[in-house]
Structure formats: C-alpha cells, structure tokens
Amino acid sequence: TLPSRTSTKAFVLHSIAQVISPRILDKEHSSSQPPVVDANPSFSGTPHAPTRIITLPPPVPGQASEQLPNDHEESMNKRLFLDFGKYNGYNSGPTTMAFLVESQRKPISEIRDAVFDVLRACAAKEQWGINFMSACGGFFDFLGNRHTEFNKEGMEWKFSVIEALVNNANLLIVIKNNEIIEKLRLMLTEGPFYVPYTPDGPVTMNS
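The numbering scheme is per chain: residues are counted from 1 as the chain's sequence reads. Per-residue local features of the predicted model are confined to residues with pLDDT of at least 70, and side-chain atom pairs are confined, for both listing and counting, to 80 or more; whole-chain, interface and lining totals are unaffected and use all residues. Excluded from the side-chain calculation are hydrogens and water; included are all heavy atoms of the structure.

### Overview of the overall build of the protein chain
Thinking step 1. We count a stretch as a helix when DSSP gives it H or I for four or more residues in a row; a strand needs E for two or more, and each element gets its number in order from the N terminus. Looking only at helices and strands, the protein chain has 9 helices and 3 strands in total.
Thinking step 2. The order of helices and strands in the protein chain, counted from the N terminus, is α-β-β-β-α-α-α-α-α-α-α-α.
Thinking step 3. When a residue's accessible area, from a 1.4 Å probe over protein chains only, is under 20% of the maximum for its type it is buried; when over 50% it is exposed; and in between it is partly exposed. Expressed as a percentage of its 207 residues, the buried residues of the protein chain come to 46%.
Thinking step 4. Residue pairs in contact within the protein chain that sit at least 24 positions apart in sequence constitute 70% of those at least 6 positions apart. The contact criterion used is simple: two residues touch if any of their non-hydrogen atoms lie within 4.5 Å.

So this is what it looks like as structure tokens:
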C-alpha cells in the first residue's frame, strides 16, 4: 500500500516506474556521450523533469536485443504493475490504470508527475502496457489534450508518455484507431510545450 505522505508516495511511484522501464536521461543533448541510465535516482520526492526523458523502445518483433529483459523479467514487471494497483484498493478491471486515473485527477503536481512516470514505463512495454491504456476509457483523449498540465515539468513528464508510445512499434499492433496514432505523432512533432489557444482552463482526466 502506498504511504499517505505526498513526497513519499511520489518517490514510490517513480521507483516503480524505474523498475518497469528505466529512464534514459539525455541532459546535454549531445551525441558525444552516451545517454546515462538513471538507475538509482537520488531525490526526496518527485525529481525535476530532466531536459529530456528517453525511454528505450521494445524491439521490432523477432529482432533480438541484449538491452531488453528476458521473458521472466518482463513477466515480473507486468506483475509489479498490476499488483500495486490491486493492493491499493482496485480489485477489478485494469486495476492499476484505474488507480493511476484516480491519482491523475488530484491537483498535486508531485503526484501527477509521478503518475506520468509510471504511464511512461507502461507505454514502453511490448504490448501489455498499451493494452491496459487502450482498455482505460477516455485515456487517449486525456493524453491528447494539451491543456491538462500547469507547469514545465508536468508538460515534460506527459510528453515522455507520448514519446514512449510513438517510439513503441507495438502501438500500431494494439491501437487500430488511426486518428489516435496520428494525434500522438503530431504531438511528438510539436514538442512538449506547444499549447493551442483555447478559452478553457486546465482539465483533469475526469473533465
């Protein structure tokens, strides 16, 4: 069960995301040095969103990769994702997605950013992560809405989810709605900070 203290809860969520799919931090935007895997981040609560968050995509089906987990490790990652929703009171349906959606409704940036980190990790998985997202009603509408985040860090964390999805070759296998795919690709091209004009204010996942 997640702790009640906000900073500790955010830390746990970020840690879960890091286990499922490690973040690759490219702070310098330089090709002269390889990206560093943030395998042991030091933060007391929510880390500041780095200049760029990169998630290694899964391989094209049939293509071997030494960087990817074996079947047992991947099964454990999926179990971790499912169980932390289950043990926080969500015992039916896509339990963890229900927990994340509920958490995303709260106007606490620290928690929202941590939730995006878990969603980023989920989006990077071969197919099961995208399947859970697809089964969550209204999730892609929320992800495609540019008016949900209030600050630079939140926009970057949300963009990391979009980037992980678009870079995942399994997106085309799981999602059959071309409108969703094209919307995500457009948002990737536009970058994290593009905000079209609208008279409406920020919204949450249940808006």
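### Some remarks on the packing of helix 7 (residues 152–166) against helix 9 (residues 178–190)
Thinking step 1. The axes used here are C-alpha line fits, helices contributing only the stretch in contact, and every angle between their N-to-C directions lies in the interval 0 to 180 degrees. In contact at an axis separation of 9 Å, helix 7 and helix 9 are set at 120° when each is read in the N-to-C sense. Relative to helix 9, the element helix 7 is oriented oblique. For the element pair helix 7 and helix 9, the recorded crossing hand is left-handed. In this structure, helix 7 contributes Phe159, Ile162, Glu163, Leu165 and Val166 to the contact, and helix 9 contributes Leu184, Arg185, Met187 and Leu188. An angle below 35 degrees is treated as roughly parallel, one above 145 as roughly antiparallel, one from 65 to 115 as roughly perpendicular, and anything else as oblique. Note on convention: near helix rotated counterclockwise from far helix by under a right angle means a left-handed crossing. Clockwise means right-handed.

### Focus: the pattern of salt bridges
Thinking step 1. The working definition used for a salt bridge is a side-chain nitrogen of Lys or Arg within 4 Å of a carboxyl oxygen of Asp or Glu. This model, assessed by the stated rule, comprises 8 salt bridges.
Thinking step 2. Among the salt bridges present, the one from Glu74 reaches Lys125, with a minimum N-O distance of 3.4 Å. Of the two residues, Glu74 is situated in helix 2 (residues 71–86) and Lys125 in the loop between helix 4 (109–123) and helix 5 (128–135); the sequence distance between them amounts to 51 residues.

### Looking at helix 1 (residues 6–20)
Thinking step 1. One less than the residue count of a helix, multiplied by 1.5 Å, gives the span that helix is expected to have. Here helix 1 spans 21 Å end to end across 15 residues, near enough to the 21 Å set by a 1.5 Å rise per residue.
Thinking step 2. Inspection of helix 1 places Ser7, Lys9, Ala10, Leu13, His14, Ile16, Ala17, Gln18 and Ile20 among the buried residues, and these make up the whole buried set.
Thinking step 3. On its buried side, helix 1 packs onto helix 2, helix 3 (95–104), helix 4, helix 5 and helix 7.

### Examining the nonpolar core
Thinking step 1. Judged by nonpolar contacts, the single largest core of 41 residues is most densely connected at Phe81, Met97, Leu100, Leu119, Met133 and Leu165.
Thinking step 2. Take this core: its biggest share by element is 9 residues, from helix 4.
Thinking step 3. Those residues in contact with Leu119, other than ones at most four positions away along the chain, are Met97, Leu100, Met133, Phe139 and Val161. Definition of nonpolar core: a set of buried residues of the types Ala, Val, Leu, Ile, Met, Phe, Trp, Tyr and Cys, connected through side-chain atoms within 4.5 Å.

### As for the packing of aromatic side chains
Thinking step 1. Within 6.5 Å between ring centres, the rings of Phe, Tyr and Trp (the latter by its six-membered ring) count as paired, and their orientation is classed by plane angle as stacked under 30 degrees, edge-to-face over 60, tilted in between. Counted under the stated rule, the structure contains 7 aromatic pairs.
Thinking step 2. Between Phe81 and Phe132 the ring centres are 5.7 Å apart and the planes differ by 15°, which places this aromatic pair in the stacked class. Placement of the pair is Phe81 in helix 2 and Phe132 in helix 5, with a sequence separation of 51 residues.
Thinking step 3. Each ring, one from Phe139 and one from Phe140, has its centre 5.4 Å from the other, and the planes form 75°; the classification is edge-to-face. Taken as a pair, Phe139 and Phe140 share a single burial class, namely buried.
Thinking step 4. Aromatic rings pair up to connect Phe81, Phe84, Phe99, Trp128 and Phe132 into one cluster.
Thinking step 5. Geometry around Phe142 places Lys158 over its ring, the cationic atom sitting 4.6 Å from the centre. The rule for a charge over a ring is simple: NZ of Lys or CZ of Arg within 6 Å of the ring centre, and within 35 degrees of the ring normal.

### Considerations on the environment of Thr8
Thinking step 1. Locating Thr8 in the fold gives a position in helix 1.
Thinking step 2. The sequence separation of Thr8 and Ile111 amounts to 103 residues, and the corresponding C-alpha distance is 9.8 Å.

### Quick word on the side chain of Glu149
Thinking step 1. Structurally, Glu149 is set in the loop between helix 6 (139–143) and helix 7.
Thinking step 2. Looking at Glu149, its side chain comes within polar contact range of the side chain of Arg112, at 2.7 Å.
Thinking step 3. N or O atoms closer than or at 3.5 Å make up a polar contact, with two conditions inside protein: a donor-capable atom paired with an acceptor-capable one, and, for residues adjacent in sequence, both atoms drawn from side chains. Only 2.8 Å separates the side chain of Glu149 from the side chain of Thr148, close enough to count as a polar contact.
Thinking step 4. Residues within four places of Glu149 in sequence aside, it is in contact with Gln104, Arg112, Phe116, Phe142, Gly154, Met155 and Lys158.

### Quick notes on helix 3
Thinking step 1. The buried fraction of helix 3 is high, at 8 of 10 residues.
Thinking step 2. On its buried side, helix 3 packs onto helix 1, helix 2, helix 4, helix 5 and helix 6.

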